[in-house]
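# Coordinate inspection notes
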Amino acid sequence: MLHVMLDVYGSDTERLDDLRAVYETIYKVTNELGVKTVMPPILVPYYYGSVKEDDGISAFVFLKGGHFTIHTFPERECYFVDLLYDGFVKEDKLLETLSRELPFELRRIHTVDRRFDIQEQLNKMESIDENADFGPHYLIKTLEPCELDIGKIYRFLDTLPAKIHMDSILRPIVATDKIENFTIISGINVIAQSHLALHYNIETKLAYIDVFSCSFIDCDDLPRRVEQELGVPCECVLIGRGSKHASKVAQREEIVDRYNKWQKNIL
């Protein structure tokens, strides 16, 4: 269960706001990496939030045993990628494809294996800075078998956002890895420019959950909430995403100046 988490900056505002560009990027990444998708990509525009800089596009596709998500922030010239897959992933190929389709200048990438001790793998990461990071990302794994089905997973994803003060912008999408004799149930709910996802293995009865939020508010209560909802103890590891993102926000004056450079050429 490899999980690649990528935060990038210095990307093109217009391309990050282009639904077709993001749609094609998902197809090209999954095809060139050879990962198995079990659904078509779904894109969710988000343009009328309380913070204009948080407007953008959220896109996702279920992979066999995982997901691939992109959250774009055109005003900030950045985007966030998560690729969780039950199989081999070429990290360099992912970077190569993304740098071609959604070019960027700066990047921050971490890869962990969700089957093993996550905290030990993340010990070298920067400490969390709530004043500078974009937001928290909880990597959660159930430590004991639990009984889940499509209905229970849907309800978990549908009700948890309100309980932890997050804003859903979509009702949950839940799917299986096969039409018949499936072994994985995957679900995702898009919250304001981030996501809540759960992947459940029917054979092992273990679940992997991601809660990626754009705000650190009320996150201390999240691990207890998840354990309460699922009825089993969980391993919960918190990491910060988008370190120092505030300093990368594109200023309006800079954008305007960029597009008016032609005027200086004829003076």
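Here, the structure is the one placed above.
Quick summary incoming for the structure in this document. Quick caveat: nothing in here was measured; it's all calculated off a predicted structure.

### Describing the overall build of the protein chain
- From N to C terminus, the protein chain includes eight helices and 12 strands.
- Sorting the 267 residues of the protein chain into buried and exposed places 51% on the buried side.
- Considering only contacts in the protein chain between residues 6 or more positions apart, those separated by 24 or more positions represent 67%.
- Of the roughly 12,800 Å² that the protein chain leaves accessible, carbon and sulfur atoms contribute 50%.

### Regarding the environment of Asp-210
- Tracing the chain through its elements places Asp-210 in strand β11 (residues 206-212).
- Between the alpha carbons of Asp-210 and His-195 there is a distance of 7.7 Å; along the sequence they are 15 residues apart.
- Here the side chain of Asp-210 touches Arg-114 through a polar contact of 2.7 Å, side chain to side chain.

### Side note on unusual backbone geometry
- One non-glycine residue with positive phi stands out, namely Asn-181, at about 55°.
- Take Asn-181: it is sitting in the loop between β8 (173-176) and β9 (184-191).
- By relative accessible area, Asn-181 is classed as exposed at 68%.
- Phi is positive for Lys-205, close to 60°, though the residue is something other than glycine.
- Along the polypeptide, Lys-205 turns up in the loop between β10 (194-201) and β11.
- Using a relative accessible area of 27% as the deciding quantity, one classes Lys-205 as partly exposed.

### Quick word on the pairing of β11
- Taken across its seven residues, β11 has six buried, putting it largely inside the fold.
- When β10 meets β11, the two strands line up antiparallel, connected through seven bridges. Each residue of the ladder has a partner; that of Leu-196, found in β11, is Val-211.

### Focus: the pattern of salt bridges
- Counting across every chain of the model gives 16 salt bridges.
- One salt bridge connects Lys-28 with Glu-101, and the closest N-O pair in it is separated by 3.5 Å. One end of the pair, Lys-28, is in helix α2 (residues 19-33); the other, Glu-101, is in helix α3 (residues 91-101), and 73 residues separate them in sequence.
- Judged by relative accessible area, Glu-101 falls into the buried class, the value being 6%.
- What you see here is one network of salt bridges that share partners, running through Arg-15, Lys-28, Glu-32, Lys-93, Glu-96, Arg-100 and Glu-101.

### A word on a nonpolar patch on the surface
- Nonpolar side chains collect at one region of the surface, where Leu-19, Tyr-47 and Tyr-48 lie side by side and expose about 370 Å² of accessible area between them.
- Mapped onto the elements of the fold, Tyr-47 is located in the loop between β2 (42-46) and β3 (56-63).
- Exposure remark for Tyr-47: the relative accessible area of 32% places this residue in the partly exposed category.

### Here we look at the environment of Phe-88
- Turning to its location among the elements, Phe-88 is positioned in the loop between β5 (78-85) and α3.
- Along the primary structure Phe-88 and Val-35 are separated by 53 residues, whereas in three dimensions their C-alpha atoms are 8.2 Å apart.

### Some words on helix α5 (residues 150-163)
- Spanning 14 residues, α5 covers 20 Å between terminal C-alpha atoms, matching the ideal 20 Å at 1.5 Å per step.
- Considered for burial, the residues of α5 that qualify are Ile-153, Phe-156, Leu-157, Thr-159, Leu-160 and Pro-161.
- Packing partners of the buried residues in α5 comprise β8, β9, β10, β11 and α6 (222-230).
- In the segment just after α5, His-165 is the residue with positive phi, at about 60°.

### A look at a negative patch on the surface
- On the surface, a cluster of negative charge is contributed by Asp-12, Glu-14, Asp-17 and Asp-18.
- One can find Glu-14 in helix α1 (residues 13-16).
- The class of Glu-14 is partly exposed, set by a relative accessible area of 40%.

How each quantity is defined
- Residues numbered from 1 in each chain as written.
- Predicted model: local features only at pLDDT ≥ 70, side-chain atom pairs only at ≥ 80, totals over all residues.
- Heavy atoms only, no water.
- Helix = DSSP H or I, 4+ residues; strand = E, 2+ residues; numbered from the N terminus.
- Buried < 20%, exposed > 50% of the residue type's maximum accessible area, 1.4 Å probe, protein only.
- Contact = heavy atoms within 4.5 Å.
- Areas by Shrake-Rupley, 256 points an atom, 1.4 Å probe, with all protein chains shown as cover.
- Polar contact = N/O pair within 3.5 Å; in protein donor to acceptor, adjacent residues only side chain to side chain.
- Pairing = 2+ DSSP bridges.
- Salt bridge = Lys/Arg side-chain N within 4 Å of Asp/Glu carboxyl O.
- Patch = residues over 30% accessible without salt bridge, like charges linked within 9 Å, V, L, I, M, F, W, Y side chains within 5 Å.
- Expected span 1.5 Å × (residues − 1).
- Lys, Arg positive; Asp, Glu negative; His and termini not counted.
- Charge placed at Lys NZ, Arg CZ, Asp CG, Glu CD.

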